[in-house]
Amino acid sequence: MDLTLIFYVAAVGLMLIGSAGIVLSSHLLRIIFGIALLETGANLLLLLATYREGAAAPIWVNGKFPLAMADPVPQALVLTAIVISVGILAVTLSLALRVHRAYGTLDIRDIRQRMEQDIADAAGIDMPGSSEAPLPVYSSAESGS
Amino acid sequence: MRRITSALFLVGLAVLVAAVYQQMNLLVTPLAGDAINASAGQQVGAGNIVTAVVLAFRGFDTLLELTILFTAATVGGLVLGKPRADAPRDPDAGFILQAGADLFFPLLLVVGLYIILHGHLTPGGGFQGGVVLAAAFFIPVLARPGTTLDHHAVSLIEGLAGAAFILIGLLAMLGGEVFLTPLLDKGELGALFSAGTLPLLYLAVGLKVGAELAGLLAQLAATEATD
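Please read these numbers as outputs of a predicted model, since none were measured by experiment.

S.K.: Which residues make up the overall build of chain A, and what are the values?
M.R.: A count of helical and extended segments in chain A gives five helices and zero strands. Across its three principal axes, chain A shows a C-alpha extent of roughly 95 × 35 × 20 Å. Looking at chain A as a whole, 19% of its 145 residues are labelled buried. Partitioning the contacts of chain A with sequence separation of at least 6, the portion at a separation of at least 24 is 49%.

So, in structure tokens, the structure goes:
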């Protein structure tokens, strides 16, 4: 099996695992880790886009440049992407910390419930029901008449 | 229901990625990087061509990258707010972490500065070395939470480093060149003092990244949730 193909499968696999983490998990921290995995896969894919068999890093070694050198442009681009993902990680983690301080949980279903409750309380209306909840059951006296 | 829709979404995403992979024209030649590889050594004088791309060919992009990091650190500080009231009374860490922090502080300082100052010659540079510097200043805070980082000094270093980066860029404009054009003598390829202003720019980047990350990590540690 080709080594490049393995790396491609790894890159796409990392992106899929990250997306699965974002979509499937309901814990805020796992969603953040999913974003980080997705970014890692995307970075690997970017680097692989110009990968060539046997190309060395474009760095001056022992008084000369290597004969075949890897493309420096995606490497510089990935450096930017890594720095940006660090920024995203810092902001999302601090937001998660703030949410945990406010609600005491990181489960997005609980958080959504609590937020809707807070909004309803602030607006002075009843808590809106879930769209997936069964229809309200009316008493037999009302339905019979 | 939610699980089924999520699984459907993932299958669709996999099919999409596979389709893109099928259609992708891998490795278009000639690459833009080949032209850069051929000429950057003489043009910029940096032994590490990735550094030449980051600081000389697209230095303005790197300045914006620093802005993103600065914005992230600022937003983190804004969102986190004031540290916990009992943060200064946190107990010290165990013996291993304390001894390790004392032992590693000078080592990390030297390694971080080495990576920054040799960014134009060897793999590494301001961003990588800056992270090592941030670790050097953050590990002592982890070991002894009572001694916090001097936030005034940190923001002073950060501001001065950012200003130095922009000033070096503006100096090029005084000579009638484009913003952030590398100045000074290119020197001998592979020597420590070479590549003109690139090492100075990377030093500014390293100090800025290190100060920013150390400040952000210290703030995260001081405001972390109690339970």
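S.K.: Just give me the short version of the overall build of chain B, but keep the residues and values in it.
M.R.: Broken down by element type, chain B carries eight helices and zero strands. When the helices and strands of chain B are listed from N to C terminus, the series reads α-α-α-α-α-α-α-α. Against the 2.2 N^0.38 benchmark of 17 Å for 227 residues, chain B shows a C-alpha radius of gyration of 22 Å, more extended than a compact globule. Along the first, second and third principal axes, the C-alpha atoms of chain B reach 60 × 55 × 35 Å. Taken across its 227 residues, chain B has 37% of its residues classed as buried. For chain B, the proportion of contacts with a sequence separation of at least 24, taken over those separated by at least 6, is 73%.

S.K.: Tell me about the interface of chain A and chain B, and name the residues and values.
M.R.: Counting residues at the interface gives 33 residues for chain A and 40 residues for chain B. Broken down by secondary-structure element, the contributors of at least two residues to the side of chain A that touches chain B are α1 (3-24) and α3 (72-103) of chain A. Here the side of chain A that touches chain B takes 17 residues from α3 of chain A, the largest share from any one element. Among the residues making up the side of chain A that touches chain B, the classes are represented as 21 nonpolar, eight polar and four charged.

S.K.: Kindly report on the packing of α1 of chain A against helix α1 (residues 2-23) of chain B, identifying the contributing residues and their values.
M.R.: When two helices pack together, their arrangement is given by the angle between their axes and by how far apart the axes lie. Close contact between α1 of chain A and α1 of chain B brings their axes to 10 Å; oriented N to C, the two are set at 155°. Judged by the angle between their axes, α1 of chain A and α1 of chain B are roughly antiparallel. Seen from above, α1 of chain A lies across α1 of chain B with right-handed handedness. When α1 of chain A is examined against α1 of chain B, the residues Val12, Leu16, Ser19, Ala20, Val23 and Leu24 of chain A are found in contact with a partner set consisting of Ser6, Phe9, Leu10, Leu13, Ala14 and Val17 of chain B. When the residues that make up the contact of α1 of chain A with α1 of chain B are grouped by side-chain class, the tally is 10 nonpolar, two polar and no charged.

S.K.: Tell me about the nonpolar core, residues and numbers included.
M.R.: Core analysis: the largest hydrophobic core is formed by 53 residues, its most contacted members being Ala52, Val53, Ala134, Phe138, Leu201, Val205 and Ala214 of chain B. Contributions of two or more residues to this core are made by α3 of chain A together with α2 (32-44), α3 (49-57), α4 (59-80), α5 (95-117), α6 (126-143), α7 (151-174) and α8 (198-223) of chain B. At 14 residues, the largest contribution of residues to this core is made by α8 of chain B. Those residues within four positions of Ala134 of chain B in sequence are excluded, and the remaining contacts are Gly210, Leu213, Ala214 and Leu217 of chain B. In this structure, Ala11, Met15, Leu38 and Leu45 of chain A belong to the second largest nonpolar core, which totals six residues.

S.K.: Break down the confidence of the model for chain B for me, with residues and values.
M.R.: When pLDDT is averaged across chain B, the result is 82; 94% of the residues are at 70 or more. Mean pLDDT values for the elements of chain B range from 76 in α2 of chain B up to 91 in α5 of chain B.

S.K.: Before we move on, could you go through the packing of α5 of chain B against α6 of chain B and cite the residues and values that matter?
M.R.: All names here are of chain B. Orientation of α5 relative to α6, taken along the N-to-C sense of each, is 165°, at an axis distance of 8 Å. With respect to their mutual orientation, α5 and α6 come out roughly antiparallel. Where α5 crosses over α6, the handedness of that crossing is left-handed. Listed contacts from α6 to Leu97, Gln98, Ala101, Phe104, Phe105, Leu108, Leu109, Val111, Gly112, Leu113, Ile115 and Ile116 of α5 are Gly126, Gln128, Gly129, Gly130, Val132, Leu133, Ala135, Ala136, Ile139, Pro140, Leu142 and Ala143.

S.K.: Could you give me a rundown of the environment of Phe137 of chain B, with the residues and numbers involved?
M.R.: Residue and element names in this part refer to chain B. Counting through the fold element by element, Phe137 comes out in helix α6. When the 22 C-beta atoms within 10 Å are taken as the criterion, Phe137 is described as buried. Taking the C-alpha atoms as reference points, Phe137 and Leu217, separated by 80 residues in sequence, lie 9.7 Å from one another. Discounting residues that sit within four places of it in the chain, Phe137 has contacts with Leu149 and Ala214.

About the cut-offs
Residues numbered from 1 in each chain as written. Chains lettered and ligands numbered in written order. Predicted model: local features only at pLDDT ≥ 70, side-chain atom pairs only at ≥ 80, totals over all residues. Helix = DSSP H or I, 4+ residues; strand = E, 2+ residues; numbered from the N terminus. Buried ≥ 20, exposed ≤ 12 C-beta atoms within 10 Å, placed from the backbone. Contact = placed C-beta atoms within 7 Å. Rg over C-alpha atoms; globule rule 2.2 N^0.38 Å. Nonpolar A, V, L, I, M, F, W, Y, C, P; charged D, E, K, R; others polar. Axes fitted to C-alpha atoms, helices over the stretch in contact; angles between N-to-C directions. Parallel < 35°, antiparallel > 145°, perpendicular 65-115°, else oblique. Left-handed = near helix turned anticlockwise from the far one by under 90°. Core = buried A, V, L, I, M, F, W, Y, C linked by C-beta atoms within 7 Å. pLDDT = per-residue confidence, 0-100.

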